[in-house]
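For reference, the chains in residue letters:
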Amino acid sequence: MAILASELINWSALWKIVVAALVGGVGVVVVFGVLLYGVKIANDAKSGGREWAGYALAGVCGLICVAAIVVGIYAMAEKPSSKKPAPKKTAAALIAPSFRPSS
Amino acid sequence: MGSELILILVVVAGFSFDFTNGFHDTANAMATSIATGALKPKVAVILSACLNFAGAFISISVAATIAKGIVNPKVLAGGDGLELVLAALIGAMTWNLITWYFTIPSSSSHALIGGVIGATIVATASSEINWHNLVQTVIVPAVLSPFIAGGVAALGTYLAYRLIRRLGQREARTGYRYGQIFSASLVSLAHGTNDAQKTMGVISLALIAHGDISAVHFSVPLWVKLGCALSIALGTASGGWRIINTMGNRITNVESPQGFAAESSSAAVILASSYYGYPLSTTQVVSGGVLGAGLGKNVDSVHWNVIGQMLSAWILTMPGAGALGGLAWAIADIFGAHANVGAIVICALAAAGAFGLWTLAQRNKVTADDLDRTNVSPVEEAELAGVPPAVAAA
């Protein structure tokens, strides 16, 4: 049963997806929440220093969120299938290995 | 002349499938943003349409060939390849319309794979299908993806509500509404990249089978890219309000922090899986994300009967689209050597079926105005969620 599962499930890709999803998904939600918290600190501030600290916190979190979007677009544009070298653009490339003649 | 006519029908069917894919999957990106009032419904679908169009051009990768590694490509590129691809597209498109009529989000990619498999089995033999690869690259990811997205969204939602206690209801809910626009946009862009390319692959394969483009120096013609991008964008812009209603309102009552968590988690899962070469269905990921966002706030807020309907549709998608694809092939095959007559007949039947479903759907129509919640303020949203008025206004 375990052998069958290891054959059918691509664990190496799966754990990377789970880690990336946790970092990207949960991370962005938390960082965006901290951004809002920074704005709240700035809005509620009674001193100039606290106001700037709030805006600085919001700014850093905003940059992290923008970076996450950039990484997302990079992942779309540079997915592994886009890195295929020219020789693979042949008729043979259209035939999956499992269907190719063994000889 | 016969094969030219069938090629034209394949191209039209391909663009039509992309159109159904667009309006079927608008919900994936925009349902939660519409449900929380972050965007007006029509603004949301137009934004999503533009991003789907742009997304179709983002990746420079060779468009994925359909059912790669599952169906022997020699069959699809062979003598009956054009008719087979046409039958597969008709099967997938009809399944998309049936699930749209029943307001259920289901995977357009699985419908396409199912259509190809069904038509191939009826046309040739099941030995042309690599069942091991089907389980490994389609079934297993389909089972796992809602759990991954759901788990991430549940954790994100839980943490978002912990943060809201420190933030105050009004600021938090307003802020997460703005955030939703960006997270939903990223999902739209990813959808355009992944799904428009699948149809580009189908049409390119038909062009190879017809001898218009070379398999040796394979590249997708610009008119195919433009046609697919435009079709998916027009489909997205046309709404798909029935499925948006299910995804945004019927799975759970989505609030802005949940919507942001669901879309961010879904975007992260879709992009990571695309990057690491583990293709997941956008629909199943987002459905899992919305479910997780519901669970992350309150288990009782999830409408399990709707989840049950969705699961049934997911299980039935490949066999259903496969049966329709196989049926389309069988009907076309009745005309034997007059392949062009058979192709015209199955296209006419599909068009009649689509019109019939559209007519039936008019009886219990869902419109953009029914879904507009932009008039609900963040404070009212908090009050509707059971937050005491004094706390909601804070």
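For every chain, the first residue of the written sequence is number 1, and numbering continues from 1 along that sequence. Written order determines the labels here, with chains lettered from A and ligands numbered from 1. Reporting in this predicted model follows two pLDDT cut-offs: at least 70 for local features of residues, and 80 or more for side-chain atom pairs to be given and counted; totals over whole chains, interfaces and linings ignore these cut-offs and use all residues.

1. Notes on the overall build of chain A
And then number 1: Within chain A, the regular secondary structure consists of 3 helices and 0 strands.
And then number 2: The secondary structure elements of chain A, listed N-terminal to C-terminal, are α-α-α.
And then number 3: By residue count, 21% of the 103 residues in chain A fall in the buried class.
And then number 4: We call two residues in contact whenever the C-beta atoms placed from their backbones are within 7 Å. Considering only contacts within chain A whose residues lie at least 6 apart along the sequence, 39% involve residues at least 24 apart. In this description a helix means any DSSP run of H or I spanning at least four residues, a strand means any run of E spanning at least two, and both kinds are numbered starting from the N terminus. We call a residue exposed when 12 or fewer other C-beta atoms sit within 10 Å of its C-beta, buried when the count reaches 20 or more, and partly exposed for counts in between; the C-beta positions come from the backbone.

2. Describing the packing of helix α7 (residues 169-210) of chain B against helix α8 (residues 222-237) of chain B
Residues and elements named next belong to chain B.
And then number 1: Only C-alpha atoms enter the line fits that serve as axes; for helices the fit covers just the stretch in contact. Angles between N-to-C directions range over 0 to 180 degrees. One way to put it is that α7 packs onto α8 with a least axis distance of 9 Å and a crossing angle of 130 degrees. Comparing the axis directions of α7 and α8 gives the class oblique. Crossing geometry of α7 relative to α8 is assigned as right-handed. Residue-level contacts link G192, D195, A196, T199, M200, I203 and S204 of α7 to V224, K225, C228, A229 and I232 of α8.
And then number 2: Taken together, the residues that form the contact of α7 with α8 break down as 7 nonpolar, 3 polar and 2 charged. The scheme is simple: roughly parallel for angles under 35 degrees, roughly antiparallel for over 145, roughly perpendicular for 65 to 115, oblique for anything else. A clockwise turn of the near helix away from the far one marks a right-handed crossing, whereas an anticlockwise turn of less than a right angle marks a left-handed crossing. Under the convention adopted here, Pro, Cys and the residues Ala, Val, Leu, Ile, Met, Phe, Trp and Tyr are nonpolar, Asp, Glu, Lys and Arg are charged, and Gly plus all remaining residues are polar.

3. Quick look at helix α12 (residues 304-334) of chain B
All names here are of chain B.
And then number 1: Under the 1.5 Å per step criterion, the end-to-end length of α12 is 44 Å for 31 residues, consistent within 8% with the ideal 45 Å.
And then number 2: A residue's bend is given by the angle between axes fitted to the 7 residues ending at it and the 7 residues starting at it. Where α12 bends most, at T317, the angle is about 45 degrees, and the proline P319 comes one to four residues later.
And then number 3: G336 sits one or two residues past α12 and shows a positive phi near 50 degrees. The span you would expect from a helix comes to 1.5 Å times its residue count less one.

4. Some details on the environment of S301(B)
And then number 1: Considering the arrangement of structural elements, one finds S301(B) in the loop between α11 (282-297) and α12.
And then number 2: When sequence neighbours within four positions are dropped, the list of residues in contact with S301(B) reads T252(B), N253(B) and G294(B).

5. Quick notes on unusual backbone geometry
All names here are of chain B.
And then number 1: The phi dihedral of T103 is positive, around 60 degrees, even though this residue is not glycine.
And then number 2: Along the chain, T103 falls in the loop between α4 (81-101) and α5 (108-123).
And then number 3: Residue classification places T103 among the buried positions, given that 22 C-beta atoms sit within 10 Å.

6. With respect to the environment of G37(B)
All names here are of chain B.
And then number 1: Tracing the backbone through its elements, the reader meets G37 in the loop between α1 (2-35) and α2 (41-58).
And then number 2: The buried category is assigned to G37, around which 23 C-beta atoms lie within 10 Å.
And then number 3: Linking G37 and A330, residues 293 residues apart in sequence, is a C-alpha distance of 47 Å.
And then number 4: Setting aside residues no more than four positions away along its own chain, G37 makes contact with R177, R373, T374 and V376.

7. Re the confidence of the model for chain A
All names here are of chain A.
And then number 1: Across the chain, each position has a pLDDT score giving the predictor's confidence in that residue, from 0 to 100. For chain A, per-residue confidence averages 76 on the pLDDT scale, and residues scoring 70 or more make up 70% of the total.
And then number 2: Highest mean pLDDT in chain A belongs to helix α3 (residues 48-77) (91); lowest belongs to helix α1 (residues 2-8) (64).
And then number 3: Per-residue pLDDT stays below 50 along residues 84-103; that stretch engages in 21 contacts with residues further than four places along the chain or on separate chains.

8. Some thoughts on helix α2 (residues 11-44) of chain A
And then number 1: The terminal C-alpha atoms of α2(A) lie 48 Å apart, and with 34 residues this matches the ideal 50 Å at 1.5 Å per residue to within 8%.
And then number 2: The sharpest bend along α2(A) reaches about 30 degrees and sits at G27(A).

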